[in-house]
Amino acid sequence: MCGDQVDLSVVIPMYNEEENIRPLFERLFPVLERLVYKSEVVCVNDGSRDGTLSILEDELKRRGCLVVVNLARNFGQHAAVMAGFSKARGKWIITMDADLQNPPEEIPKIVREFEKGHDLVGTIRKGRKDTFFRRFASRITNRLVSRISGINLQDFGCMLRGYSREVVKGILENPEYRTFIPALATFFAKNPVEIMVEHEERAGGESKYSLLRLFSLQLDLMTGFSMWPLRILFFVGTGVAILGLFLATLIIILRLCYGPEWAAQGVFTLFSALFFLVGCQFFALGLLGEYIGRIFQAVRKRPTYILGWVKYSN
Ligand code: UDP
Ligand code: MG
């Protein structure tokens, strides 16, 4: 299947996926063997706390064309994919999840698009098998992110994607802090395409994304690709300031017309206006903090991941 020169690398990030590795390999390797290309599978152990690593080490002895990248601890899915990219040797690189939500049987479809000359193969999940909440949230995000970032993709979330070596090179040379790979890739692509792929339910284990992690991913996507949130802040800020001025003038005029008695009863109005303004200020500060935090991280140039070791099977 593989040799010195590899055509296709399949990069799979794994975090506590002990139940899924074997079923995944049972389906993935036959698919790759049927291809006319030399292929390798690059598994990245993202600091798993279960048997993931020992199963991978065991598989290393049994299978050819397997590369295991072991990260020092848990750095998150996208950092793990970056680590996989840095060790992948193929001229085409496909990423996928370990939980069999992306059927390996769809890989030949992506390869066909590469053959046609596309350098980035995005995917849209057909009949997505996730909870209603996840689907609803990602529908909103996809729209919002397309609008804000000007990147026109229908589905940012599906990780079964194909990248040419040049695109991956571009991504690796721009090691931003907390990058969102599917969106960043479109920046380097010259001839991208999007295709439909099947989507299945998670085979075993649980989703590694809590509500908080999902939210932080959305923030990465939004602030990582545009300055629009900052500009919106400016417009909202201006609007709120004008409104505040207007309210203040109104209250002073009414106070002059109706005397102090009215003003005492108006305390609550004043307070509500104040609360509103304070709320807006906090919103603004939070958003500014978000950007400043990112600048801080970027200036420190901290690596996205720390490599433990890499092992190659024959
Ligand atoms: N993953 C990872 N590191 C993490 C979280 C997830 O490498 O910190 C991997 C995980 O093992 C899986 C993929 O990223 O292969 C997608 O994760 P998951 O299926 O939990 O996400 P969901 O499908 O719920 O979006
Ligand atoms: Mg999943």
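Just above sits the structure.
An account of the accompanying structure is given in this report. Please read these numbers as outputs of a predicted model, since none were measured by experiment. (Residues numbered from 1 in each chain as written. Chains lettered and ligands numbered in written order. Predicted model: local features only at pLDDT ≥ 70, side-chain atom pairs only at ≥ 80, totals over all residues. Heavy atoms only, no water.)

With that settled, consider the overall build of the protein chain. For the protein chain, the count of helices and strands is eleven helices and eight strands. A globule of 314 residues ought to have a C-alpha radius of gyration of about 20 Å, yet the protein chain, at 25 Å, is considerably larger. When its C-alpha atoms are laid out on the principal axes, the protein chain stretches across 90 × 40 × 40 Å. Summing over all exposed atoms, the protein chain offers an accessible surface of approximately 16700 Å²; the carbon and sulfur share of this is 62%. The centroid of the 39 positive side-chain charges in the protein chain is displaced by 5 Å from the centroid of its 33 negative side-chain charges. (Helix = DSSP H or I, 4+ residues; strand = E, 2+ residues; numbered from the N terminus. Rg over C-alpha atoms; globule rule 2.2 N^0.38 Å. Areas by Shrake-Rupley, 256 points an atom, 1.4 Å probe, with all protein chains shown as cover. Lys, Arg positive; Asp, Glu negative; His and termini not counted. Charge placed at Lys NZ, Arg CZ, Asp CG, Glu CD.)

Moving on, we get to the coordination of the magnesium ion (ligand 2). Within the protein, D99 (OD) and Q101 (OE1) serve as the donor atoms for the magnesium ion (ligand 2), at 1.9 to 2.0 Å. In terms of burial, D99 and Q101 fall into one category: buried. (Donors = N, O, S within 2.8 Å, 3.2 Å for Na, K, Ca; no water. Buried < 20%, exposed > 50% of the residue type's maximum accessible area, 1.4 Å probe, protein only.)

Below, the discussion takes up helix α2 (residues 52-62). By the burial criterion, the buried members of α2 are T52, I55, L56, E59 and L60. With its buried residues spanning 150° around the axis, α2 presents them on a single face. Buried residues along α2 sit in contact with β1 (8-14), α1 (21-34), β2 (39-45), β3 (66-71) and β8 (307-312). (Arc of directions from axis to C-beta. Contact = heavy atoms within 4.5 Å.)

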